[in-house]
Amino acid sequence: MFNDISINELLELCQEDLVFVDVRSPSEYEDMTIPGSINIPVFDDEERAEVGTLYKQVSKEAATDRGLEIFSAKLPAFIKQFKELPGEKVVFCWRGGMRSKAAATFLDLMGIKPYRIQGGVRAYRHWVMKQLESLEMKPKAYVLNGGTGTGKTAILHELKNQGLPILDIEGLADHRGSVFGAIGMSPVNQKTFDSLLIKEVKGLQQAPFVMFEAESKRIGKILLPPFLLNKKEEATHIFIELPIEERIAHILKEYKLYEHHEEFVEAFRKIKRRIHSPVANTIEEELKRLNYEAVLELLLEYYYDPRYLHTAEMYSEDQKIILKVNTIVEAVEAVKGVVAGRQRLVTSN
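## Here's the deal with the overall build of the chain
Helix and strand counts for the chain come out as 15 helices and 12 strands. Overall, the C-alpha framework of the chain stretches about 65 × 60 × 35 Å when taken along its three principal axes. Within the chain, residue pairs in contact and separated by at least 24 positions form 74% of the contacts whose partners lie at least 6 positions apart. Mean positive and mean negative side-chain charge positions of the chain (46 and 52 charges, respectively) differ by 4 Å.

## Focus on the sheet that holds strand β12 (residues 320–324)
Taken together, 5 strands build an open sheet; the order of strands is β7-β8-β6-β11-β12 and the sheet is parallel. This sheet does not close on itself; its edge strands, each paired only once, are β7 (166–167) and β12. Inspection of the sheet shows strand β11 (residues 236–241) paired to β12 by 5 bridges, in the parallel sense. Looking at the pairing, I240 lines up with L323 of β12.

## Digging into the side chain of E47
Topologically, E47 is positioned in helix α3 (residues 45–57). One polar contact links E47 to K74, side chain to side chain, over a distance of 2.6 Å. Look past the residues within four positions of E47 in its chain and what remains in contact with it is V42, I70 and K74.

## Let's talk about the layout of surface pockets
For the largest pocket, the calculated volume is near 1200 Å³. Elements with a minimum of two residues in the lining of the largest pocket: β6 (140–146), α7 (152–161), β9 (218–219), α10 (226–234), α11 (244–255), α12 (261–271) and α14 (292–312). Broken down by element, the residue count for the lining of the largest pocket peaks at 6 residues, all from α14. Residue composition of the lining of the largest pocket, by class: 16 nonpolar, 16 polar and 14 charged. In this model, the second largest pocket occupies a volume close to 700 Å³. Lining the second largest pocket we find 18 residues, and of these G52, Y55, R95, M98 and R99 sit closest to its centre. Taken together, the elements giving at least two residues each to the lining of the second largest pocket come down to α3, α4 (60–83) and α5 (98–109).

## Topic: the packing of aromatic side chains
Going through the model one piece at a time under the given rule, you end up with 11 aromatic pairs. In this structure an aromatic cluster arises from ring pairing among F180, Y258, F264, Y292, Y303 and Y304. The ring centre of F239 lies 5.9 Å from the NZ or CZ of K320, which sits over that ring.

## Observations concerning helix α13 (residues 277–288)
Taking 1.5 Å of rise per residue, 12 residues should cover 16 Å, and α13 covers 17 Å from first to last C-alpha, within 8% of that figure. Looking at the buried residues of α13, the elements they touch are α12 and α14. Once α13 ends, the next one or two residues include L290, with phi positive near 60 degrees.

## A word on empty space enclosed by the protein
Under the defined criterion, the tally for this structure stands at 1 cavity of 30 Å³ or more. A volume near 100 Å³ is recorded for the largest cavity. Around the largest cavity sit T148, S178, F180, I251, Y255, L257, F264, L296, L299, L300 and Y304, which together line it. Residue contributions to the lining of the largest cavity peak at 4 residues, all from α14.

## Topic: the environment of K89
Here K89 lies in strand β4 (residues 88–92). Once the C-alpha coordinates of K89 and V19 are considered, the two residues, 70 residues apart in sequence, prove to be 4.8 Å apart. When residues no more than four places from it in sequence are discounted, the contact partners of K89 are V19, F82, I112, P114 and Y115. In this structure the side chain of K89 is engaged in a polar contact, spanning 2.8 Å, whose partner is the backbone oxygen of L85. A distance of 2.9 Å separates the side chain of K89 from the backbone oxygen of G87, its partner in a polar contact.

Calculation rules
By convention here, each chain's residues receive numbers from 1 onward along its written sequence. pLDDT decides what is reported in this predicted model: residues at 70 or higher carry local features, side-chain atom pairs at 80 or more are listed and counted, and totals for whole chains, interfaces and linings draw on all residues regardless. Calculation of side-chain values draws on the structure's entire complement of heavy atoms; hydrogens and water are dropped beforehand. Only DSSP runs of H or I with at least four residues qualify as helices, and only runs of E with at least two residues qualify as strands; both kinds are numbered from the N terminus onward. Whether two residues are in contact is decided by their heavy atoms: any pair within 4.5 Å suffices. Charge convention: Lys and Arg are scored as positive, Asp and Glu as negative, and His as well as the terminal groups of each chain are ignored. Taken as the charge centre is NZ of Lys, CZ of Arg, CG of Asp or CD of Glu, depending on the residue. Each pair of strands is called paired provided DSSP finds at least two bridges between the two strands. Under the rule applied, a polar contact is a pair of N or O atoms within 3.5 Å (in protein, one hydrogen donor and one hydrogen acceptor; residues adjacent in sequence only if both atoms are side-chain atoms). Using a 1 Å grid laid over the protein atoms alone, points where a 1.4 Å probe fits but cannot get out form a cavity; open sets with protein on both sides within 12 Å along at least 5 of 7 lines form a pocket; any residue with an atom within 4 Å of a point counts as lining. Grid points are joined across faces, edges and corners, and a volume is the space filled by probe spheres set on the points. Gly counts as polar in this scheme, as do all residues outside two lists: the nonpolar Ala, Val, Leu, Ile, Met, Phe, Trp, Tyr, Cys and Pro, and the charged Asp, Glu, Lys and Arg. Put simply, two rings from Phe, Tyr or Trp (the six-membered ring, in Trp's case) pair if the centres are within 6.5 Å, and we call them stacked under 30 degrees between planes, edge-to-face over 60, tilted for the rest. For a Lys NZ or an Arg CZ to count as sitting over a ring, it must be within 6 Å of the ring centre and within 35 degrees of the ring normal. To estimate how far a helix should reach, multiply one less than its number of residues by 1.5 Å.

Pasting the structure below:
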């Protein structure tokens, strides 16, 4: 027989040995799931709609009968997919109802003994919300700060490649954080971001320190939780200063503006009214000529840098470390040096 298990009991198990399988429809899975789960649906979106309509308009019995009829037809392929998965399986649906029970029952009959999450993904979402309210980030924090185009995300990625504990907030959101931040990206929704964030933070709690990028309280449509914003405010901020030519070159490389011209134009329209009219008009003319270097230089000088300077003034001098470097490669080494020195001081004290 399959084992029903609560979220709290599940978290006490060694999750590296578990394979999480979301048996809801593909659209439900895309909306939000438990991080790392794979999707093997009992019903596809159309089938789910059909069964749901029967439940509402006819009866529970009619919906159940039709559901079993649909599921029985695809059962051999369903079982085959599970048998190809290594390790112990954990199945779940929205509320721990008919779909996960049917999946777990048939799997058990075929010799596969899965866990089934009590309360389904809804129970997991409730757990995430409680974590967001009560969680504290334990390690000391270093926050990478600096103007647009200083390569903060690229620096973080390289530091992570070299083994340093990094929290990539923009990576979790799949958004770069500015009005242009969604260009070429596929931003996640709030529920998915929350789940990914909690998983990452939990995995960093025993690290000696953690490093992340300075973000406002909103990344696109995503709101950051108070515990993360509070950690940012009390952290040591490492400000990166790069020559403007390097910043422009980095933005062009990262955003690939020639491939996303219309997205860039549309994003600019959202901030045009915040820029002095003659400058905004010049930017529009340069956009028509595809002169992105000129566009970026004007945006940095008249829009982003003034906002950045205002933000930088919010932090006390003893919170700030300013690194003037010529390239992102130099910035990586400089940041490593700062963190190593600060951590030695902590250890010696």
